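# Commentary on secondary and tertiary structure
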Amino acid sequence: RLAEMMRGEVGMESEAGHGSVFWFTAQLEKQTATVAQERPAWEDVNVLLIEAAGMDLRILESHLTSLQIPHHSVSSADEGLERMGSQIGHGRPFDLILLSKELKENDALDLVREIRSTGGHTNPPILLVSRKPLGDEDGWNKADFAANLVKPIRHTHLVRAMTKALSKDPSEKVSTCQKTLADQ
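Just so you know, these numbers come straight off a predicted model, no measurement behind them.

Moving on, we get to the packing of helix 2 (residues 54–66) against helix 5 (residues 155–165). In the contact formed by helix 2 and helix 5, the axes pass within 11 Å of each other and the chain directions differ by 65°. One finds that helix 2 runs roughly perpendicular with respect to helix 5. The two elements helix 2 and helix 5 meet at a crossing, and its hand is right-handed. Along the contact surface, helix 2 presents His63, Leu64 and Ser66, while helix 5 presents His155, Leu158 and Met162. The class makeup of the residues in the contact of helix 2 with helix 5 is three nonpolar, three polar and no charged.

Now the structure itself:
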């Protein structure tokens, strides 16, 4: 039906032992103007990514790289604290932290407490990355996070959460971003 609505056709060619080919045609109108997608300038943003799972780390790094966002990646809470201290010592503290909730034991929770206890300009917004939405689990406080991104993370959710977390407008708040059936 969609192809018909677009003044086209749908077809299939099949040959035993050789497989099938499905095809469609559509008549599209040439666009006269390019619609530029509004995207913040992130070249001056300094992001720390803390993720222990190798594949999840590569996926998040891929998202950040495709957005041309400078970032530093570590795989443990201890490495994260060390990198934060180093960046502060060089006068370039992190602007944003992407933190996996699934670090070993309570490392992620302890790291959040440590970051929040420092206060001041070294207290960047944290986007919590988790396998399920943050609930009322022991010790976790939703107020500690700019957003809770639920795996698998959609590119649009990451962009939206980062934009709002880095916004200077305190009314800009993000809650849980997760994939739903409506997103598929």
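So much for the structure itself; the text now carries on.
Within strand 6 (residues 126–130), five of the five residues are buried, which leaves the element mostly enclosed by the surrounding structure. Examined bridge by bridge, strand 5 (residues 96–100) and strand 6 share four bridges and lie parallel to one another. Bridge pairing links Leu98 to Leu127 in strand 6. Direction of pairing for strand 6 relative to strand 7 (residues 147–150): parallel, over a ladder of four bridges. Residue pairing in the sheet places Ser130 in a bridge with Val150 of strand 7.

Here the focus is the confidence of the model for the protein. Across the protein, pLDDT averages 79, with 78% of residues at or above 70. Mean pLDDT values over the elements of the protein span from 48, in strand 8 (residues 176–177), up to 93, in strand 3 (residues 47–50). Of the regions scoring below 50 in pLDDT, residues 173–184 engages in 28 contacts with residues more than four places distant in sequence or in other chains.

Oppositely charged side chains can pair when the atoms bearing their charge come close. Under the criterion given, the structure shown has six salt bridges. Salt bridges sharing partners connect three or more residues here, namely Glu51, Asp56, Glu102, Arg131 and Lys151.

With five of its five residues buried, strand 5 lies for the most part within the structure. Summarising the sheet, strand 3 and strand 5 pair through four bridges and their orientation is parallel. By the bridge assignment, Leu49 is partnered in strand 5 with Leu98.

This part covers unusual backbone geometry. Across the junction of Lys151 and Pro152, the peptide omega takes the value -5°, indicating a cis bond. On the secondary structure map, Pro152 appears in the loop between strand 7 and helix 5. In this structure, Gln68 takes a positive phi of about 60° despite not being glycine. The exposure class assigned to Gln68 is exposed, which follows from its relative accessible area of 63%.

The rules behind these values
Every chain's residues receive numbers from 1 upward, in the order its sequence appears when written. Residues qualify for local features only when their pLDDT is at least 70, as the model is predicted, and side-chain atom pairs are given and counted only at 80 or more; totals for whole chains, interfaces and linings, by contrast, use all residues. Calculation of side-chain values draws on the structure's entire complement of heavy atoms; hydrogens and water are dropped beforehand. Every axis in this analysis is a line fitted to C-alpha atoms, fitted for helices over the stretch in contact. Angles between the N-to-C directions lie between 0 and 180 degrees. In DSSP terms, a helix is any run of H or I states spanning at least four residues, a strand is any run of E spanning at least two, and both are numbered starting from the N terminus. If an angle is under 35 degrees, it is roughly parallel; if it is over 145, roughly antiparallel; if it lies from 65 to 115, roughly perpendicular; otherwise it is oblique. Here a crossing is taken to be left-handed if its near helix is turned anticlockwise relative to the far helix by less than a right angle, and right-handed if that turn runs clockwise. Every residue pair with non-hydrogen atoms within 4.5 Å of one another is taken to be in contact. Residues are grouped as follows: Ala, Val, Leu, Ile, Met, Phe, Trp, Tyr, Cys and Pro are nonpolar; Asp, Glu, Lys and Arg are charged; every other residue, Gly included, is polar. For each residue, the accessible area found with a 1.4 Å probe, counting protein chains only, is set against the maximum for its type, and the residue is called buried under 20%, exposed over 50%, and partly exposed in between. Only when DSSP finds a minimum of two bridges between them are two strands counted as paired. Known as pLDDT, the predictor's per-residue confidence is scaled from 0 to 100. In what follows, salt bridge is the name for a side-chain nitrogen of Lys or Arg lying within 4 Å of a carboxyl oxygen of Asp or Glu.

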